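What follows is each chain in one-letter form.
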Amino acid sequence: MGPHVVLCTYNGARFLRAQLDSIARQTRPVDCVHAFDDGSDDDTLAILHDAAARLPMKIVRNPTRLGATGNYAAALAAVRDAVAGASTGGGNDPLILLCDHDDIWHPCKVQALADALAAQPAALLAASDACVLDAGRGAGDTPLAARLGVPAGGYPTSALWLAALLRRNRLVGATFALRAALLDQAFPVPLGFWHDEWLALLAVAQDALCWVPEPLIDYRLHDANAAGLRQIGLAATWTGAQGDGRAHHAAKAARLVALRERIDALGPRVPSAQRGCVDAAARFWQRRAALPSARLARGPAVVDMLRSHQYTTFAGGLRSALRDLIGPGLS
């Protein structure tokens, strides 16, 4: 069974043709493009049906809007069911590639990701770098991974990957190729997680990530991205400090507890170092959620977490500590 593509669309007519053309030009053809439209009211559906003349397509239109995360979750569940029975748990599992409607695939993308996974039979997920196309600035040569803080060549160990992903999602689903077996582990996706974030965390937790440093897509930034890169600075720090810190910290802690429960279900496939990292991160966010409402009373705990490098390891370092110190009452 060849690669399957999961394409999620919503009012994507402006860029969709270019994306579909890039899939049609792949050096390794795909078995099927599973397109899931979330109620577009532009020409998206017409473009999808036109593409069926040159690509193997299955088109589903959601009867009600699910939103970006809901659409991807439903799409991945449907494709998992479509390839059910073909998964063997080994290197010959069917591959599933995630696809956004506004990017452009390089011609070698499918082949490069398939080769990377073939070379590492124990890997469940391959992810690559990307070239950033920033609307209004033309085609930039800044790699996406560099913008997300990933070092050249990636992190040397899965434990370091996991610590980095717990601070911020640094892997972009539009670059993913995964074995169907990973989807069996991933569902249901807990509330609060983006689909790609969740898949990456599960793969890294069990030493099953294959990083491809070569850019394999053009990742487009524009005014209608469902999610995108976020600039961080003093202004963002001050704005974030005005929000409900306690609720944010408690939600983050709850997400980490959900992650720990899922990796517990994976048993010995998850090394003890990764389990310990998730536990330490959960305790850190729980402690932040429990900071006193009075600013002065927060000082000792914040200083202690700074001295023990917890802010650096699990959050944004000094910037996060400042948010906790200068923010309004956390009650």
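Look a little higher up for the structure.
Residues numbered from 1 in each chain as written. Predicted model: local features only at pLDDT ≥ 70, side-chain atom pairs only at ≥ 80, totals over all residues. Heavy atoms only, no water.

Contact geometry of helix α6 (residues 158-167) with helix α8 (residues 195-205) gives a least axis separation of 9 Å together with a crossing angle of 155°. Comparing their axes, α8 and α6 come out roughly antiparallel. Considering how the two elements wind past one another, α6 and α8 form a crossing that is left-handed. Each of S158, W161, L162, L165 and L166 in α6 lies in contact with α8, whose residues at this interface are A200, L201 and V204. Within the contact of α6 with α8, the residues separate by chemical class into 7 nonpolar, 1 polar and no charged. (Axes fitted to C-alpha atoms, helices over the stretch in contact; angles between N-to-C directions. Helix = DSSP H or I, 4+ residues; strand = E, 2+ residues; numbered from the N terminus. Parallel < 35°, antiparallel > 145°, perpendicular 65-115°, else oblique. Left-handed = near helix turned anticlockwise from the far one by under 90°. Contact = heavy atoms within 4.5 Å. Nonpolar A, V, L, I, M, F, W, Y, C, P; charged D, E, K, R; others polar.)

Next up on the list: the packing of aromatic side chains. When we look at a pair of aromatic rings, we describe it by the centre distance and by the angle of the planes. Under the defined criterion, the tally for this structure stands at 6 aromatic pairs. Residues W161 and W211 carry aromatic rings whose centres are separated by 5.5 Å and whose planes lie at 55° to one another, so their mutual orientation is tilted. Of this pair, W161 sits in helix α6 while W211 sits in strand β9 (residues 209-221), placing them 50 residues apart in sequence. For W211, a relative accessible area of 16% puts it in the buried group. For the ring pair F284 and W285, a centre distance of 5.4 Å and an interplane angle of 80° mean the geometry is edge-to-face. Through successive ring pairs, a cluster of aromatic residues spans F284, W285, Y311 and F314. Over the aromatic face of F187 sits the side chain of R80, whose NZ or CZ is 4.6 Å from the ring centroid. When the ring centre of F193 is taken as reference, the NZ or CZ atom of R255 above it lies at 4.4 Å. (Phe/Tyr/Trp six-rings, centres within 6.5 Å; stacked < 30°, edge-to-face > 60°. Buried < 20%, exposed > 50% of the residue type's maximum accessible area, 1.4 Å probe, protein only. Lys NZ or Arg CZ within 6 Å of the ring centre and 35° of its normal.)

Time to look at the side chain of H106. Within the secondary structure layout, H106 lies in the loop between β5 (104-105) and α4 (109-119). Once residues within four sequence positions are removed from consideration, H106 is found in contact with Q26, C131, P215, L216, I217 and D218.

Turning to the environment of L165, a few remarks are in order. Structurally, L165 is set in helix α6. Taking the relative accessible area as the measure of exposure, L165 reaches 4% and is therefore buried. On a C-alpha basis, the gap between L165 and L201 in space is 7.0 Å, while along the polypeptide they are 36 residues apart. Apart from residues no more than four positions distant in its own chain, L165 is found in contact with R170, L171, A200, L201 and V204.

What follows concerns the pairing of strand β4 (residues 95-100). Most of β4 sits out of view: 5 of its 6 residues are buried. In terms of strand pairing, strand β1 (residues 4-9) meets β4 through 5 bridges, oriented parallel. Bridge pairing in β4 links L7 to C99. Relative to strand β8 (residues 177-179), β4 is paired through 3 bridges, and the arrangement is antiparallel. Residue pairing across strands places L97 opposite A177, the latter belonging to β8. (Pairing = 2+ DSSP bridges.)

Further remarks concern the pairing of strand β2 (residues 32-37). Where burial is concerned, most of β2 is hidden: 6 out of the 6 residues are buried. Burial along β2 is two-sided: the residues C32, H34 and F36 and V33, A35 and D37 are all buried. The sheet contact formed by β1 and β2 spans 6 bridges and is parallel. Considered in β2, the bridge of L7 is made with A35. Between β1 and its parallel partner β2, the chain crosses via helix α1 (residues 13-24), and the hand of that crossover is right-handed. Where β2 and strand β3 (residues 57-61) come together, 5 bridges link them in parallel fashion. Looking at β3, one finds that F36 is bridged to V60. Crossover handedness for the path β2 to helix α2 (residues 44-51) to β3: right-handed. (Right-handed = clockwise from strand over helix to strand, strands pointing away.)

Limitation: the analysis is restricted to geometry and does not speak to function.
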